[in-house]
Each structure stands twice: as structure tokens, then as C-alpha cells.
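Descriptive structure summary
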Amino acid sequence: MTDTLSAAEARRIALAAQGFTGSRKIPRRRPFDRALEKLHVLQIDSVNVFARSHYLPVFSRHGAYDQRALDEYLWDSGEFTEYWAHEAAFIPVGDRPLFGWRMRDFEGRYAERIIELRPELDRVRGLLAEDGPQPIRELDSNPRGRRGPWWDWSDTKRAVEILFATGEVVTVGRERFERRYALAADVLPAGALGTVPRADAHRSLVERAACCLGVGTLADLADYHRLKKAEALIAVHALEEEAVLVPVQVEGWSDAAWMHRDAVLPSRVTADALLTPFDPIVWFRPRAERIFNFHYRIEIYTPKEKRRYGYYCLPLMVGGRLVGRLDLKADRARRELIVQAAWEEPGAPGRTAEVAARLLHNAAAWQGLESVSLRGAGNLEIPGSALTDRPGQAPA
């Protein structure tokens, strides 16, 4: 017999699975584990108009923290590595073998380029073996010379990215967001260099996705780690037979859904938060629309005159519902957080402006900014008086 969930119950399960219930206080011991375990993958993105995307999910769930401490944990603890797990993302280093099948897929996809670039691939391997970790600017043999047809990259850049995709090379840090590369065998533990059979890996990844989502459709479960739906479906059926996934019907959802057997249904969710556009709550846009009735698109690549909401709008959560979006820009020279536009959805609660002002002050303080200014675009009227007080001090 298939269980039935209301739309509100499914929403609360999803938010609980993503860590939006319970205490917002960051524990002193291993402070980032709680958020990172809920996320499993922490997506990386180059846009820095407000803050790098991978910093925001922890802030959204737990409030202000020292970004340097998170950087040190992700890069220096030996517990995480970067790979194409959703998009470019941090993952637990122990889970890297679950993506071995993807590395082999990349080998097939780039087979012709591998032949074409064999001398450059060998040269890069040799440099990394001899000299250790290096950024592309140190590896590049001809940075201002001929550019290939692949994203107009140099041959060295093409070679390094192939080696990264196929698993021979990993990143050991970023400098001004530029990757620093090393041979995987030189820096990863032996257990992270193996592979898991494709079907077993898919089953593990779908189970992890279900843990992170709480409840989801096949498309939701497949998207979390960018699996093909046909392969994800095989994993779903296997997990259903093992009673790891429980089939459910969700009010208003046209597609079949599954809930993880350990999913929690809280009686209420009251979280207020600013989200990155690359938070799992919203990164799969059909799911965000289905769960929150929130139609969301990032408009970075939309021509300015065609943008509806703004260049880099952060979804606004009030009381566990997505009810607005704030287009933010950090003016670090003036130590000012600029709200270029503020929007609220139809039916947003009356306290939306108050919550937005509080979250903006918290975000400004976290980023070391001293003031918040509103440029006036949008339909969310945040009183000027709510934005004039100093936001407080950023964490040390």
C-alpha cells in the first residue's frame, strides 16, 4: 500500500532532510559536519558578486561563521575533494569511488581529444609528478599562444581538465578561484583511488540523494548527482525492494515519488534564510516549483534589459516557505551590502520585510560589511529605518 503525503508534509520532510530544523547554533567540535552531511555535495561556483556559492549553504542553515575555517576544513582536513558530483562540488573523499563510472564515461567522451592531446597530457603528468601541485598558469606551456576550439582554452588547460574529469588529477586548493592541480595518486588516500561497480555506485548515490531530499520523484533523485533517469530508476527499484525507499503519493505531484525510510516529518518548520541559487533546495528548478510553488531562474546570463528580478537573486525563505528574492551585491571598497532589488511572492507573510531586513543585516556582518542600502527596485518594501542600523560585527 502506498503512503500518502500532503503537499505541506512533503515540504516539511524536504526541509528537515536539508537541515532546516533543529538548532541553528554551530557546534564547536567539527562545526561544519552537520550541514555538510545533510548536503552531501557542496556546489562550487565562480560568481562572487555577494559571496562564493559554497559558503552560503552553511550560512543559510547555521548563521555567521568564519569562511577561512570552512576553507581549511574543505581543503586541508583530507576529508573532502572536488569532482563533478552535481556540477563542480566538494564531496567526502571516501565517496569519490562512487564516481569512478563517471570518470570512465569522460574517457569515452573525450577519446578523440585524448589522442589529439597525448603529448600535452604526458607533459602535464610529468610536471605534476616532478614539481607537485601547480595552477594552470604555471603549467601552461604557451598561455598566450594558440587556443583550441574547446571553450577557447589553451591545449594545457584542455589537457588538465581532461585529466581532472577522468580522475588522474585532483584539485588541492584554489587561488582567486583558480584551481591548483595535483596527481590524484600523490595526494589522495589509496581508498579514494578505487572505483565501485556502476550499478552499485548508482544505488549508493540514489540512496544518498534520497537522504538529502527526504522525499522526491525519480527526476529529483536522478538530478542530485546528475544520473541518467533510466539508470536511476534501476537503483530506485532495487532500493524499494530493500525497503530503503518507500513509495508515496504526494498531493499535487503528478509523478510517482519515494521517501527515504529514515526521513523525518516535523510538525512545523519555521526557518528563515537566504539561499544561494545553487542550494539543493532550489538548484533543480522543477522541484522548487513543485514543492514551494516558486518559479525560479538565475538571470546572470540574461541580457540586462530582459531580466525580471535581477542579476544575482538569492531566494528568500520565511517560515519554511520561499516567498521572495533579493538581488545582492557586496561593495567591498565601501563596505556596503547593496540590495539592488527586493521582491516578494503573492501571499508572502506580513513579516517578510522584517525578516528580510534581519537576514540582510546578518549577511552583511558575516561578510564584514558595515551597512546595507536598498536601491528601490522590486515590490518588497523594506523600511529604510530597518536598514540604517549597523549590522554588527563579522565573526573573527
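That block above? That's the structure.
The paragraphs below set out a description of the structure included in this document. Since the model is a prediction, treat every value here as computed from it, not as a measurement.

Let's shift gears to the pattern of salt bridges. With the rule as written, the count across this model stands at 31 salt bridges. The residue Arg290 makes a salt bridge to Asp220 at a minimum N-O spacing of 2.8 Å. Note that Arg290 is positioned in helix H14 (residues 285-292) and Asp220 in helix H12 (residues 218-224), a separation of 70 residues in sequence. Judged by its relative accessible area of 25%, Arg290 is partly exposed. By relative accessible area, Asp220 is classed as buried at 2%. The partner of Glu345 in a salt bridge is Arg325, with the nearest N and O atoms 2.7 Å apart. One end of the pair, Glu345, is in the loop between strand E14 (336-344) and helix H15 (352-366); the other, Arg325, is in strand E13 (residues 321-331), with 20 residues separating them in the sequence. Of the two residues examined, Glu345 and Arg325, each falls in the buried class.

A word on unusual backbone geometry. Although it is not a glycine, His40 adopts a positive phi angle of roughly 65°. Within the secondary structure layout, His40 lies in the loop between helix H2 (33-39) and strand E2 (42-43). A positive phi is found at Arg226, a non-glycine position, where the angle reads about 60°. Turning to its location among the elements, Arg226 is positioned in the loop between H12 and helix H13 (229-241). A residue is classified by how much of its surface remains accessible, and Arg226, at 34% relative accessible area, is partly exposed.

Cut-offs used in this document
Residues numbered from 1 in each chain as written. Predicted model: local features only at pLDDT ≥ 70, side-chain atom pairs only at ≥ 80, totals over all residues. Heavy atoms only, no water. Salt bridge = Lys/Arg side-chain N within 4 Å of Asp/Glu carboxyl O. Helix = DSSP H or I, 4+ residues; strand = E, 2+ residues; numbered from the N terminus. Buried < 20%, exposed > 50% of the residue type's maximum accessible area, 1.4 Å probe, protein only.

So far we have only geometry, and geometry alone does not tell us how the molecule works.
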